[in-house]
Amino acid sequence: MATSSQHPTDLLAAYALDALEDAERADLETHLAGCAECRVEVARLTAAVDALAETVAPVTPPAEVRRRLMARVAADRARVAPTVAVTDPSTGAPRARSGRAAGPWLAGAVSAGAIALAVVGLWQAVSARRELVSVQAEVARLRAQLDDQSNALAEINPEPQPGVAAPRVEALQGSGQAPAVTGRLVYQPTGRAAIALLERLPALQPGRVYQLWLLRGNTPTSAGTFTVDATGRATVVLRAPERLGTYTGIGLTAEPAPGRPTPTGPILAAGSLAAA
Amino acid sequence: MKRVSSLQSLGDDQLVLLLRAREGAAEGALDELYTRHSAAVYGLARRMLRDERAAEEILNETFWRVWRHADRYEAGRVRFATWLLRIARNLVVSELRREAHRPRRSDPRPSDESSEGDDPHGLPDVPDTSPDVPDQVWQAEQRRALASGLAALPAEQRQAVELAYFGGLTHVEIAARQGAPLSTVKTRLALGLRKLAAQLCSQQMAPERPGVSAAPGAPGAPGPGESEVWRGD
């Protein structure tokens, strides 16, 4: 080892431990950039520092932390790559049946979901293990989505009780730009959660997402983005900043990912919302 | 459950790849990594912060960063566990240094002056309930050897190293705490850490398991250390 007059050997341990003051660290990093000998020593000492973490006995954390983490991840996922039309019959169907107006549409989504899950199951049976892992995790992801949708549905369409209205269903109709698009928006005018069920959506160009807008007069508010798979169907959970009854309409555009604060593309589909 | 056993058969590096690909398996991969490593992260954070709630926040934030920044992990350079614990420790140190500007909730202390003198780690050991696989036997053995190496250091050296690593103190702060000249603290840190490094080399117990770092040029492939038979099904 060279002497400290040439190499700052007495600082390398503190550096490896991140125990230098900022100015010292900057000086040392300047030295390290040009000194392989000290870099080797720092790597050796860093291995010892890393090992210190493993002198601590593991402690099993409360289960709640995992739930919070996975909820945060699911929310991130939903924001980045939202929803496909899959609903789990075991939980979706009973709720769907309790809604009069929404019933047929939701039942349709449910049966589509049942088919999708069956297809997934078939795929599992014939796939290699690596694919199996992927598919099973996809099911887990879809189940997380389902939870989100079920929660929204429970808000929109609670068990019948005095003072709670049945959910409203408004139609979305494709514009001249995308005449085939059809859809329904299911919501409570007094609530903020809604579910949009859309069909025959054209495939998106790469780098673009669909974006839903709630309209109040001519003022649009983003209601979330989503992508669509080859089926052209999407089930999208919307969370409005204010009560849905205060909006007058809903519109759909295609925007550059990850979405825009105000619409830039032509309206592809639109519908009106009745006042509360 | 089938899902669990399938993901369990993958090594950490393979799980990181799944996570990074953001395909359908990403959440499952994160969940499996959490199952394997959350106890180590939580143990470290509790040891450093001496506050369960704060440690839970660190644990959450650590795995959140894994989720967001998995692309920064370079398989083959360090073990995933090492990378993960560095993230956790950096988060805790940032927190401790932020708190240092406010009245302290509780000062980090080296173990020999802790009021919790019955336990060298300052907190009671809680049995680790994660699956008993040979990797954990290896880690437990390593932990025991390193802990005894740390305990074998002269008291001032060990205290200085612990104040730096677990307490997040700079060497200037350690000098104030130990009532020693800065030059002395520098020497204590250097001697203490060098002895630990030498012990790692002599026992071949460096945190990089032999073989893992010998897989250069194949970032997509699982490191040999990550797919050994003990993970097989």
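Attention in this report is confined to the structure presented alongside it. Just so it is clear, the structure is predicted and the values come from calculations on it, not from any experiment. (Residues numbered from 1 in each chain as written. Chains lettered and ligands numbered in written order. Predicted model: local features only at pLDDT ≥ 70, side-chain atom pairs only at ≥ 80, totals over all residues. Heavy atoms only, no water.)

### Some thoughts on the overall build of chain A
Counting its secondary structure elements, chain A contains 7 helices and 8 strands. Put simply, chain A shows about 12800 Å² of open surface, and 57% of that area lies on carbon and sulfur atoms. (Helix = DSSP H or I, 4+ residues; strand = E, 2+ residues; numbered from the N terminus. Areas by Shrake-Rupley, 256 points an atom, 1.4 Å probe, with all protein chains shown as cover.)

### Looking at the side chain of Arg 89 of chain B
You can see Arg 89 of chain B is positioned in helix α5 (residues 80-99). Of the side chains with opposite charge, Asp 18 of chain A comes closest to the buried, unpaired Arg 89 of chain B, at an N-O distance of 4.8 Å. Separated by 3.0 Å, the side chain of Arg 89 of chain B and the backbone oxygen of Tyr 165 of chain B make a polar contact. (Buried < 20%, exposed > 50% of the residue type's maximum accessible area, 1.4 Å probe, protein only. Lys, Arg positive; Asp, Glu negative; His and termini not counted. Salt bridge = Lys/Arg side-chain N within 4 Å of Asp/Glu carboxyl O. Polar contact = N/O pair within 3.5 Å; in protein donor to acceptor, adjacent residues only side chain to side chain.)

### Comments concerning α5 of chain B
When the terminal C-alpha atoms of α5 of chain B are compared, their 29 Å separation across 20 residues agrees well with the 28 Å that a helix rising 1.5 Å per residue should span. The buried fraction of α5 of chain B is high, at 14 of 20 residues. (Expected span 1.5 Å × (residues − 1).)

### Notes on the packing of helix α2 (residues 22-33) of chain A against helix α3 (residues 36-53) of chain A
Residue and element names in this part refer to chain A. Between α2 and α3, the least distance of the axes is 7 Å, while the angle of their chain directions is 115°. Residues His 31, Leu 32 and Ala 33 of α2 touch α3, and the partners they reach there are Cys 38, Arg 39 and Val 42. Of the residues that constitute the contact of α2 with α3, the class distribution is 4 nonpolar, 1 polar and 1 charged. (Axes fitted to C-alpha atoms, helices over the stretch in contact; angles between N-to-C directions. Contact = heavy atoms within 4.5 Å. Nonpolar A, V, L, I, M, F, W, Y, C, P; charged D, E, K, R; others polar.)

### Overview of the packing of helix α7 (residues 155-165) of chain B against helix α8 (residues 171-178) of chain B
When two helices pack together, their arrangement is given by the angle between the helix axes and the distance between those axes. All names here are of chain B. Remark: α7 packs on α8, axes separated minimally by 10 Å, with the N-to-C direction vectors making an angle of 130°. By the angle between their directions, the pair α7 and α8 is classed as oblique. In terms of crossing hand, the pair formed by α7 and α8 is right-handed. Mapping the contact onto sequence places Glu 156, Gln 159, Ala 160, Leu 163 and Ala 164 in α7 and Ile 174, Arg 177 and Gln 178 in α8. (Parallel < 35°, antiparallel > 145°, perpendicular 65-115°, else oblique. Left-handed = near helix turned anticlockwise from the far one by under 90°.)

### Remarks on the environment of Ala 137 of chain A
Mapped onto the fold, Ala 137 of chain A is located in helix α7 (residues 129-156). Relative accessible area serves as the criterion here: at 2%, Ala 137 of chain A is assigned to the buried category. If we ignore the near neighbours within four places in the chain, the residues touching Ala 137 of chain A are Gly 24, Ala 25 and Gly 28 of chain B.

### Considering the pairing of strand β4 (residues 208-216) of chain A
Residues and elements named next belong to chain A. Of the pairings in the sheet, the one linking β4 to strand β7 (residues 249-256) comprises 8 bridges and is antiparallel in character. For Tyr 210, the partnering residue across the bridge sits in β7 and is Ala 254. Bridge analysis of β4 against strand β5 (residues 219-226) gives 6 bridges, and the strand direction is antiparallel. Across the sheet, residue Arg 216 finds its bridge partner in β5, namely Thr 219. The turn joining β4 and β5, which pair antiparallel and follow one another in sequence, is formed by 2 residues; a positive phi near 65° is taken by Gly 217. (Pairing = 2+ DSSP bridges.)

### With respect to helix α4 (residues 52-69) of chain B
All names here are of chain B. For α4, spanning 18 residues, the distance from its first C-alpha to its last is 25 Å, which sits close to the expected 26 Å at 1.5 Å a residue. Within α4, the full set of buried residues consists of Ala 54, Ala 55, Glu 56, Ile 58, Leu 59, Asn 60, Thr 62, Phe 63, Trp 64, Val 66 and Trp 67. Here α4 starts with a cap whose side-chain oxygen sits 2.9 Å from the backbone nitrogen of Arg 53, and that cap is Asp 51.

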